[in-house]
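Each chain, written out:
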Amino acid sequence: MVAVRQLEEAYAAAGVDPGFWAELEQYLGHYVGRPCPLYFAARLTEQLGGARIYLKREDLNHTGAHKINNTLGQAILARRMGKSRIIAETGAGQHGVATATAAAVFGLDCVVYMGAEDVRRQRLNVYRMELMGTKVVPVESGQQTLKDAINEAMRDWIATVETTHYVIGSVMGPHPFPVIVRDFQSVIGRETRQQMLEMTGRLPDTVVASVGGGSNAAGMFYPFLEDQGVRLIGVEAAGTGLDKRHSATIAKGEPGVLHGMQTIVLQDEDGQTLPVHSVSAGLDYPGVGPEHALWAESGRADYVSATDEEALSAFETLSRTEGIIPALETAHAVAHVIKLAPQMDEQQSIVINLSGRGDKDCVEVARLRGADIA
Amino acid sequence: MSASNSGTNRIDSALSNASTGLWPFIAAGYPCLEITEALLKAMNGLPIRGVELGIPFSDPIADGPVIQHAFSKALDGGITLSRIFEMVSKVRSEIDYPLLAMVSASIVYRVEIEPFVKKAGDAGFDGFIVPDISLEEAPTLAKSVGEQDLRLSMLVAPTTPADRQERIAAVASGFLYYVSIQGTTGARNALPADLESQVRALKASTSLPVLIGFGISRSEHVKEVCRYADGAIVGSAIVRKISDSVKEGKSNDALVEDVTGFIHQLATG
């Protein structure tokens, strides 16, 4: 608790310090390459025959996903707190790579916890992290995936809080983490809002983003919250089906406590965490950020789901029609838009948060499709 | 029968006569519930002050590898809350010492606070340790626990500032649980050099007894901390003894004998 209170104080002080935001903006502009483009997907729009579809190109950021927006912010915060070491959890490895990158650029020591199962499945990302000087620790406990990596990172932090900052990768965990991560990711929605106004003269009718823990969706949705005319849709992973193996927390979960937050979780009646599944390691989490639970309850955002197969098909569709290979996480949002766009008229518009690129998923998709490229 | 019916809470009684000593921790359902039941009964004849029964949880963030392993084996073996409560209510009349449940907030909130506290009290638990509940969230639970005349022990860490220690003590009942080290549960070779001064300072600021846990693994440690604290909690070292006996393929009786022998040695040096 002392650790999160110290973080809350440090973030409150940073929040009112223009120097802090100026430094972050400097890095986002010259190192990450922001603002990233908003792109009108003409061929996808034509093929689906309905609403005009725009893609917010977070995949063009340095390291290939939205995760870097948050890790740079938290690394600058860690430095302000006088901490010389950062740690993180990672599932597919995108947040781990983004944390390793921030550690390298700011000269911080870095350890990333990663489920042993994910270490085997994502060797390339493990190698990228190691190249940047980060130590990757395989986690052998539990299901050996994302939630177990979070457990292990929290255990590390309990013992090392005096020197170490825990860079949580999503809008989850104890307060103030969900707020901090949402704020750092809100650059996505702020840019999108302005870019839509500049390109089309109006706001989008619908904004769609994938939801695991929910950081890319929170960052996209937050700046649109007051725009009641903009429909917000989060897409969870339905895995092999909502009645089978999935990680659709909002669709199938119940109120509960996990990892220091009270939110919607996938638990059994005793409060034990249930096994989760998704074809995308980044959505494979049995909880969801508490603010998404709030937006689901208030009805401000709608939450739907897409199956593994729908996501794989969307992965291929976007690659063929637009020459953009999306991350499998992102492909869930694309999959929903493939269903939604034809039901809307040509005057309407949809923005998809293209949260990450799919290079990391090519080996896995090839394997699932029966091609051997490894 | 819940503690409320007996008039005095057993935790208070055990700590009131200034007798310091050992509070062993074991994990419910590890390696199986029958052995947990046998251990609870066997410990009644030992020179211990009370017992902490760990309720297995899928994601025990405050625990090191030994207790994690025991919890995950117990869950694989099909342990449930209702089976634990049933077993405790069966053995309660045969044991005299206070029994605390060490339980994650995830479990308490899932069952919901009031029903959880009521069911645990009815089963025969005298109090709770909820290692992952914060001071800010604790008052609601403390109120329910108090209404059942049960006790809620709260954790104080080496990093907890003095003003926060006082606020924790105001919510806690029974005793304060001082976490001897920064980190997760698990045996350590040596106790921290400043443990005595830390604990003496804490005791000076509260009327509650103070027990020390985390990292205590030897009879010398128990004897040492009992000089200035009101008791010592040993968990991982005992659970490791259980898992060693399991690995050696011992019979249930031999395992219980081994483990009670080890606890006796911890308690008496």
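Everything discussed here concerns the structure shown above.
What counts as what
- Residues numbered from 1 in each chain as written.
- Chains lettered and ligands numbered in written order.
- Predicted model: local features only at pLDDT ≥ 70, side-chain atom pairs only at ≥ 80, totals over all residues.
- Heavy atoms only, no water.
- Axes fitted to C-alpha atoms, helices over the stretch in contact; angles between N-to-C directions.
- Helix = DSSP H or I, 4+ residues; strand = E, 2+ residues; numbered from the N terminus.
- Parallel < 35°, antiparallel > 145°, perpendicular 65-115°, else oblique.
- Left-handed = near helix turned anticlockwise from the far one by under 90°.
- Contact = heavy atoms within 4.5 Å.
- Nonpolar A, V, L, I, M, F, W, Y, C, P; charged D, E, K, R; others polar.
- Phe/Tyr/Trp six-rings, centres within 6.5 Å; stacked < 30°, edge-to-face > 60°.
- Buried < 20%, exposed > 50% of the residue type's maximum accessible area, 1.4 Å probe, protein only.
- Polar contact = N/O pair within 3.5 Å; in protein donor to acceptor, adjacent residues only side chain to side chain.
- Pairing = 2+ DSSP bridges.
- Right-handed = clockwise from strand over helix to strand, strands pointing away.
- Buried area = accessible area lost by both parts, 1.4 Å probe.
- Salt bridge = Lys/Arg side-chain N within 4 Å of Asp/Glu carboxyl O.

(A) Summary view of the packing of helix α4 (residues 67–80) of chain A against helix α5 (residues 94–106) of chain A. Residue and element names in this part refer to chain A. Close contact between α4 and α5 brings their axes to 9 Å; oriented N to C, the two are set at 40°. Between α4 and α5, the interaxial angle falls into the category oblique. Between α4 and α5 lies a crossing of right-handed hand. Along its contact with α4, which presents Lys67, Ile68, Asn70, Thr71, Leu72, Ala75, Ile76 and Arg79, the element α5 presents Gln94, His95, Ala98, Thr99, Thr101, Ala102, Val105 and Phe106. For the contact of α4 with α5, the per-class residue count stands at eight nonpolar, six polar and two charged.

(B) Quick look at the packing of aromatic side chains. Tallying each qualifying case throughout the model produces 16 aromatic pairs over all chains. Relative to Phe214(B), the ring of Tyr177(B) has its centre 6.0 Å away and its plane inclined at 90°; by these criteria the two rings are edge-to-face. Of this pair, Tyr177(B) sits in strand β6 (residues 176–179) while Phe214(B) sits in the loop between β7 (210–213) and α11 (219–225); the two residues are 37 residues apart in sequence, bridging distant segments of the chain. Each member of the pair, Tyr177(B) as well as Phe214(B), carries the same accessibility label: buried. An aromatic cluster is defined as three or more aromatic residues linked by ring pairs; in this entry it consists of Tyr11(A), Phe20(A), Trp21(A) and Phe184(A).

(C) Broad picture of the side chain of Lys56(A). All names here are of chain A. Considering the arrangement of structural elements, one finds Lys56 in strand β2 (residues 52–57). A distance of 2.8 Å separates a polar atom in the side chain of Lys56 from the backbone oxygen of Cys36. Side-chain polar atoms of Lys56 contact the side chain of Glu191, separated by 2.7 Å.

(D) A look at the pairing of β7(B). All names here are of chain B. The alternating pattern of β7 places Val210 and Ile212 and Leu211 and Gly213 on opposite faces, both of which are buried. Where β6 meets β7, four bridges bridge the pair, whose relative direction is parallel. Looking at β7, one finds that Tyr177 is bridged to Leu211. As for the winding sense of the linkage, the β-α-β connection from β6 through helix α10 (residues 195–204) to β7 is right-handed. Bridge count for β7 against strand β8 (residues 231–234) is two bridges, and the pairing is parallel. The residue of β8 that forms the bridge with Leu211 is Gly231. Crossover connection from β7 via α11 to parallel β8: handedness right-handed.

(E) A look at unusual backbone geometry. Omega for the bond connecting Arg34(A) with Pro35(A) falls within 30 degrees of zero, at 0°, which places this linkage in the cis form. Among the structural elements, Pro35(A) can be located in the loop between α2 (18–32) and β1 (38–40). A cis amide bond links His175(A) with the next residue in sequence, Pro176(A), at an omega value of 10°. When you line up the elements, Pro176(A) lands in the loop between β6 (164–166) and α9 (177–185). Non-glycine residue Gln144(A) carries a positive phi angle of around 60°. Among the structural elements, Gln144(A) can be located in the loop between β5 (135–139) and α8 (146–160). Even without glycine at this site, Asp149(B) takes up a positive phi of about 55°. Following the sequence through the fold, Asp149(B) ends up in the loop between α8 (138–147) and β5 (151–156).

(F) How the structure looks around the interface of chain B and chain A. On the side of chain A, 27 residues touch chain B, which itself brings 27 residues to the contact. A combined buried area of about 2,200 Å² lies between chain B and chain A, and 50% of that area is made up of carbon and sulfur atoms. When residues of chain B are sorted by the area they lose upon contact with chain A, Asp59(B), Ile61(B) and Arg110(B) head the list and together hold 32% of the total. Across the chain B-chain A interface, the total number found is two salt bridges. We note a salt bridge from Glu136(B) to Arg5(A), for which the minimum N-O separation is 3.0 Å. At the junction of chain B with chain A, the criterion picks out 14 residue pairs in polar contact (both at pLDDT 80 or more). Within the residue set of the side of chain B that touches chain A, elements represented by two or more residues are α4 (65–76) and α6 (105–111) of chain B. Here the side of chain B that touches chain A takes six residues from α6(B), the largest share from any one element. Among the residues making up the side of chain B that touches chain A, the classes are represented as twelve nonpolar, ten polar and five charged.

(G) Local environment of the pattern of salt bridges. Evaluated as defined, the whole model comprises 39 salt bridges over all chains. Two residues, Arg369(A) and Glu309(A), come together in a salt bridge whose shortest N-O distance is 3.2 Å. Here Glu309(A) lies in helix α14 (residues 308–322) and Arg369(A) lies in the segment after α16 (362–368), a separation of 60 residues in the sequence. The exposure class of Arg369(A) is partly exposed, given its relative accessible area of 37%. Taking relative accessible area as the criterion, Glu309(A) reaches 47% and is therefore assigned partly exposed. With a closest N to O distance of 3.4 Å, Lys90(B) and Glu37(B) form a salt bridge. With Lys90(B) in helix α5 (residues 81–91) and Glu37(B) in helix α3 (residues 33–43), the pair connects residues that are 53 residues apart, well separated along the chain.

(H) Geometry of the sheet that holds β5(B). All names here are of chain B. The strand order around the closed barrel built from eight strands is β1-β2-β3-β4-β5-β6-β7-β8, with neighbouring strands paired in parallel fashion. Sheet twist, expressed as the mean angle between neighbouring strand axes with direction ignored, is 25°. For strand β4 (residues 127–129) and β5, the ladder comprises three bridges, and the chain directions are parallel. Its bridge partner lying in β5, Ile129 is registered against Ser153.

(I) Here's a closer look at the sheet that holds strand β4 (residues 109–115) of chain A. All names here are of chain A. The parallel open sheet is built from four strands, whose spatial order is β5-β4-β3-β6. What marks the edges here is a single partner per strand, and that holds for β5 and β6. Put simply, the sheet's adjacent strands are angled 25° from each other on average, direction ignored. Relative to β6, strand β3 (residues 85–90) runs parallel, the two being bridged by three bridges. Across the sheet, Arg85 pairs through a bridge with Thr164, a residue of β6. Where α8 meets the sheet, it contacts β3, β4, β5 and β6, and its direction lies at approximately 160° from that of β3.

(J) How the structure looks around the environment of Asp270(A). Position of Asp270(A) relative to the elements: it lies in the loop between β10 (261–265) and α13 (290–298). On a C-alpha basis, the gap between Asp270(A) and Gly282(A) in space is 26 Å, while along the polypeptide they are twelve residues apart. Once you skip the residues sitting within four places of it in the chain, Asp270(A) turns out to touch Thr80(B), Leu81(B), Ile107(B) and Arg110(B). Only 2.7 Å separates the side chain of Asp270(A) from the backbone nitrogen of Leu81(B), close enough to count as a polar contact.

(K) The arrangement of the pairing of strand β9 (residues 254–258) of chain A in detail. Residues and elements named next belong to chain A. Here β9 pairs with β10 via five bridges, running antiparallel. Within β10, the residue paired with Glu254 across the bridge is Val265. Here β9 hands over to β10 after two residues, with His259 in that stretch at a positive phi of 50°.

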